[in-house]
Structures are given as structure tokens and as C-alpha cells.
Amino acid sequence: MAKKKVDAVLAWRDLELGMAITDPGSSAQLKTGDWRSQHPVVDHEKCIKCGLCWIYCPDMAYSPGKEGYYDWNGDYCKGCGICASECPKGVITMVMEEE
Amino acid sequence: MGKKIGIEVSIAVSEAVRAADVDLIAAYPITPQTHIVEHLSELVADGKLDAEFVPVESEHSAMSLCIGSSAAGARTYTATSSQGLALMHEIVWIAPALRMPIVMTLVNRSMSGPISIWNDHSDVMSERDCCWIQTFAENGQEAFDLTLHAFKVAEHPDVLLPVMVNLDGFTLSHVIEPIELMTQAEAGKYLKPYEPTMRLDTKQPVTMGGVGIPAVYTEAKKQYETAITASKKVILDAWKEFGEVYGRKYKPIETYKTKGAEIVLMTMGSISETAMTAIDLMRDKGISVGLMRFRLWRPFPLQEFRRAVKNISVLAVVDRAISYGSQGGPVFMEVRSALYDQEVRPQVFGFVAGLGGRDVTVDMFEDIVSKASKYAEKGKGPVYEMIGVREK
Ligand code: SF4
Ligand code: SF4
């Protein structure tokens, strides 16, 4: 089986049999962030670095970053607002995307 | 080859599954499919068939398990009827989408309600758009042969789609007929071991059944549609080879006394036997009738159908299922649609008969033919008509 990059815009003939995904770990290549209508903004001044945003995010949009903070990755965030609702300090604000 | 023995058609179908040397059977018993899976379960328990028999807790599980088994590269079989198929429905669509060459016998039974265990085609017609290849047996030998054919077609690398072999509940499944069975060695002359193109394999991991986001869902559908349309060539080749090996020849559409016939009946499944008797009797009376029946229903044999009706002026389609609130039975609608852009085409009249186990008798066929002839003369008839409804 040829190793193929997962690309959501493949022509139909290039799809694997039965839409199988033959390249493990390929979901990282599928950027889903453009579905979003809003995104979280973290106030690092008040963040206590508890990591709950990282744990709760269903799309793994946060990852541990410098100095114990969590970096947000807009390629995958779908704007669900779970992080904002779970943050114990209430330091995450959801901001509407620009048109 | 072996000699013909008198055997119940259901048992013969399980013997075909045994001859096909399946690896796994997952099934839930339901009337009138029961004898098939009971016998298979006995064959496995008695060590006469080296396969896993999984007595699942529902048909939904049966088809789910069949997909897992087929994905692992095993030759996989199940059987069901009406409500069982309905419970399976969700997974029935997934099997072809994952390109799993599962073979299923559908012992046709009407859909409830009212509750009915008897025969018609409402179960299969509810699943006609799901990308399964679908064939219809008229008699016991055909049910046996189509089962072997189903594995051959399903597992072909150019197909890799599930196949549903339809046989009428009770009127075919429970009758005893003279049938020539085969051993695994005899079937092996035709049916080679399954070699999966893709399978679950820890050395070469794949994800099956991922999400089809809007950007790719349409392309996936195009793949399935292309596959089932292209499968017709393999279906025909596999019938040709079957004829070469065993001497019994099959084609997508069967005809009986259609040459020069003024009116041609169109049927599917076991009522075709009664239809042939009716035709013989009507011919004796000087009525010029013939019969045509679909053996292959999906993919729809369009070219073969158009060729078969070329010199026919009146077609009376007998549906064994109703499509509520539409313009006729499913077969009638497709047949009429297949002819729409033909310059020369027969007049087509639709009849719905034999619902929920109501016998379709010789008299009914005579009634249908006389009605069709009357409508043809007038140049029009009702959109479609239910036959044998008691008015008082
Ligand atoms: S809004 Fe939802 S998806 Fe985006 S980072 Fe927060 S939890 Fe994750
Ligand atoms: S949940 Fe809130 S406080 Fe905790 S790490 Fe995330 S932003 Fe900081």
C-alpha cells in the first residue's frame, strides 16, 4: 500500500479502498480549525497553570508550552468553549472570529 | 458431480455455505431464515465445518461482527429476514462503504406492521439503495448456486462489495426440492480462497471507518457507486465460469416464451414458477404471453433489460412490495424509468401482488394479463394497481 498524505481534497480515484486511512497518526494533518466561529483568549497574568484547559479540550488544541503555560493552536480549535467553561480561574474569554 | 437429492432449500443453502468453506458465521435466528443458521450451527458443532459460529444477541451485532471478521480477512457469512434486516439496517450501509465482501442470504419476509412472518419483498426493497449487490433465486438449485456465486463476486478484487442473495420465505426456503449439492472440493474448482486486498494487520496498520467530512463524503460515494456499477462485469463473468465448470448457466434476466409474445409478465423470485404455469395455460388458450424475471437486481442490469424488451409491446410488472405514496412498486418504477428515453418502448403497467404471504395464483396472473391487455388497448391504465384486494 502506498503511503499517502491524508488530504481532505483528494480526488475520488485517489481515495483508498473503502476510505481506509493507511497512514497512522494522520488526523494531525487534517486541519479542522476553520469550522470555528469563536476562539479562546487566555489571560496569562491570572492563569495558575493548572492544565485543565489542556485536559478538557476535546481537540487537543492546547499543548504544554514555556514556563508552564499552555499554548493554543488555532489549526485544531473548533471554538466549542469547553476550556473557557472549565478554567477554574475564569481567565479564558471566548472572542468572536472576525468576518 | 454429485447427484440430485431431495432436500429443504434452507438446508441446501447452508450446505452451499459449507461448500464455500466459510471462516465465520454470525447470525441471529429469525423466521423464516432459521433453518439455515440452525443447520450451520450444527455443522460447526459437529466438526463438519471448520468455522467460527457466533450466536450474536441481535442482527445489529451480527452485521457488526461480520464487518470485523471480514476486515480481518475471513470469509464471512450471515443470513436474516425482514425485521432482522431492519435492525441491521445501520450496519448494512457500512459494510459496502468499508468494502467488505460479506455474503448474506436474505430469506424474504414482509416488514411489519401488521406483524407478519410471511413472504414478500418489502424487506429487500427497503435496502435497495445501500450498495449491496442483490440477486434473486427462483428455485432451490438456484439458491445454492447463487450462494457460491455470491462469494466469488463479493471477494473479487475489482468488486469487494457485499452480496445479498434473496430467496422467498417459506414458498422457497421451506420446500423440499431436488438439488445437486457440492463438497468443498467440488466448490473449490470455482471458488478460490479469499485473498483480501486490505485487512486489519498489526504489521501494516490501517484505519477503517473514519469520518467522511463534507470535503470527502461525495468522493467516497462516487467510489462506491463506481464499484457497484463496475461489478456487473464480474457478476456476468462469474456466471459464465459457473456454467463452464458445472454446466448450469445463469444470466441477469431470465425469459420464458417471450419470443413474439404480445404481453410479457415481469416478476422476481419464486412466483416466477407459478407465472410459467400460468403462461403455459394461457398459451393453450391462445393468449400470447411470456415471462421475464430479474435474477440480478443490483446493480440494475440496464443494458440487458433494454435488450430484452426490444420487441415487446406490453409489460406487466408484478411487484411484491409497496412503496407507499409513490407511483408504484419499486420494480415497476425502475423499469419504467429505464425505458423513458427509449425511442421505441413497451407500455408498462404496474401491479402489486402477493403481499405478506398472500398466494399469487395462476388465476391472479391471468387477471393481471387480461387487465394489462385491456389497458394497452385503451392506451392507459391506473398508475398502479393492487391485485386481489377484498372489497367486500
Ligand atoms: S474552544 Fe474548545 S476546541 Fe478550542 S481550545 Fe477551547 S476547548 Fe479546545
Ligand atoms: S484552565 Fe485556566 S488556569 Fe488552568 S491552565 Fe488553562 S488557562 Fe490557566
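Small disclaimer: the values here were computed from a predicted structure and weren't measured. (Residues numbered from 1 in each chain as written. Chains lettered and ligands numbered in written order. Predicted model: local features only at pLDDT ≥ 70, side-chain atom pairs only at ≥ 80, totals over all residues. Heavy atoms only, no water.)

A word on the environment of B:Ser82
All names here are of chain B. Short version of the rule: Helix and strand assignments come from DSSP, with helices taken as H or I runs of at least 4 residues and strands as E runs of at least 2, each series counted from the N terminus. For every residue, the accessible area obtained with a 1.4 Å probe (protein chains only) is divided by the maximum for its type, and the residue is called buried under 20%, exposed over 50%, and partly exposed between those limits. Here, two residues are considered to be in contact whenever any of their heavy atoms come within 4.5 Å of each other.
Within the secondary structure, Ser82 sits in helix 4 (residues 82–92). Here Ser82 falls in the buried class, since its relative accessible area comes to 0%. Sequence separation between Ser82 and Asp145 is 63 residues; the distance between their C-alpha atoms is 23 Å. Each residue touching Ser82, except ones within four places of it in the same chain, is listed here: Leu106, Arg109, Ser110, Met111 and Asp123.

Let's talk about the packing of helix 1 (residues 9–19) of chain B against helix 7 (residues 140–154) of chain B
All names here are of chain B. Operational definition: With axes taken as lines fitted to C-alpha atoms, and helix axes fitted only over the stretch in contact, angles between N-to-C directions fall between 0 and 180 degrees. An angle below 35 degrees is read as roughly parallel, one above 145 as roughly antiparallel, one from 65 to 115 as roughly perpendicular, and any other as oblique. Crossings are classed by handedness, with left-handed meaning an anticlockwise turn of the near helix from the far one by less than a right angle and right-handed meaning a clockwise turn. Each residue gets one of three labels, nonpolar for Ala, Val, Leu, Ile, Met, Phe, Trp, Tyr, Cys and Pro, charged for Asp, Glu, Lys and Arg, and polar for the others, Gly among them.
Contact geometry for helix 1 and helix 7: axes closest at 9 Å, N-to-C directions at 25°. Classified by the interaxial angle, the pair formed by helix 1 and helix 7 is roughly parallel. In the packing of helix 1 onto helix 7, the handedness of the crossing is right-handed. The segment helix 1 lies against helix 7, with Val9, Ala12, Val13, Glu15, Ala16, Val17 and Ala19 engaging Gly140, Ala143, Phe144, Thr147 and Leu148. A breakdown of the residues in the contact of helix 1 with helix 7 according to their chemical character gives 9 nonpolar, 2 polar and 1 charged.

So, the packing of aromatic side chains
The description of two aromatic rings rests on the distance between their centres and on the angle between their planes. Short version of the rule: When two rings of Phe, Tyr or Trp (its six-membered ring) have centres within 6.5 Å they constitute a pair, described as stacked for plane angles under 30 degrees, edge-to-face for angles over 60, and tilted for the intermediate range. Either the NZ atom of lysine or the CZ atom of arginine qualifies as a charge over a ring when it sits within 6 Å of the ring centre and within 35 degrees of the ring normal.
Tallied over the entire structure, the rule returns 12 aromatic pairs over all chains. A ring pair is formed by B:Phe294 and B:Phe300, whose centres lie 5.3 Å apart and whose planes are at 55°; its orientation type is tilted. Take B:Phe294 and B:Phe300: they sit in the same class, and that class is buried. One Lys or Arg, A:Lys49, reaches over the ring of A:Tyr69 and ends 4.5 Å from the middle of that ring. Directly above the ring of B:Tyr340 sits B:Arg345, whose terminal nitrogen or CZ lies 6.0 Å from the centroid.

Some remarks on the pattern of salt bridges
The condition that has to hold: When a carboxyl oxygen of Asp or Glu is within 4 Å of a side-chain nitrogen of Lys or Arg, the pair counts as a salt bridge.
For the coordinates displayed, the defined rule picks out 26 salt bridges over all chains. With its nearest N and O atoms 2.9 Å apart, the salt bridge here joins A:Lys78 to A:Asp59. Of this pair, A:Lys78 sits in the loop between strand 3 (70–72) and helix 2 (82–86) while A:Asp59 sits in the loop between helix 1 (52–56) and strand 2 (62–64), and the two are 19 residues apart along the sequence. For A:Lys78, a relative accessible area of 32% corresponds to the partly exposed category. By sharing partners, the salt bridges in this structure join B:Glu138, B:Glu142, B:Lys251, B:Glu254, B:Arg293 and B:Arg295 into a single network.

Digging into the environment of A:Gly51
All names here are of chain A. Along the chain, Gly51 falls in the loop between strand 1 (38–42) and helix 1. On the basis of relative accessibility, which here comes to 1%, the residue Gly51 falls in the buried class. Along the sequence, Gly51 and Lys66 sit 15 residues apart, while their C-alpha atoms lie 13 Å from each other.

Quick look at the domain arrangement of chain B
Residues and elements named next belong to chain B. Short version of the rule: Residue ranges for the domains originate in an automatic or database domain assignment. In this description, buried area is defined as the sum, over both parts, of the accessible area (probe of 1.4 Å) that is lost when the two are combined. We call two N or O atoms a polar contact when they sit within 3.5 Å, provided that within protein one can donate a hydrogen and the other can accept it, with sequence-adjacent residues counted only if both atoms are side-chain atoms.
For chain B, the assigned domains read domain 1 (4–246) and domain 2 (253–386). Contacts between the two partners involve 30 residues from domain 1 and, on the opposite side, 26 residues from domain 2. Regarding the contact of domain 1 and domain 2, the summed buried area is about 2,200 Å², with carbon and sulfur atoms giving 54% of it. If you look at where domain 1 meets domain 2, you find 7 salt bridges. For the salt bridge of Asp168 with Arg320, the shortest nitrogen-to-oxygen distance reads 3.9 Å. Here domain 1 and domain 2 share 15 residue pairs in polar contact (both at pLDDT 80 or more) between them.

Here's the deal with the site of ligand 1
Rules: One heavy atom within 4 Å of a molecule or strand is enough for the residue carrying it to be called near that molecule or strand.
Near ligand 1 there are 14 residues, and of these A:Cys57, A:Cys77, A:Cys80, A:Gly81 and A:Cys83 occur at the shortest range. Counted by class, the shell around ligand 1 contains 11 nonpolar, 2 polar and 1 charged residues.

Some details on the interface of chain B and chain A
Across the boundary between the two partners, chain B contributes 21 residues, which contact 16 residues of chain A. Interface area, chain B with chain A, both sides summed: about 1,700 Å², of which 72% is carbon and sulfur. Our count for the contact surface shared by chain B and chain A stands at 0 salt bridges. Linking chain B with chain A are 3 residue pairs in polar contact (both at pLDDT 80 or more). Of the residues assigned to the side of chain B that touches chain A, the class counts are 12 nonpolar, 6 polar and 3 charged.

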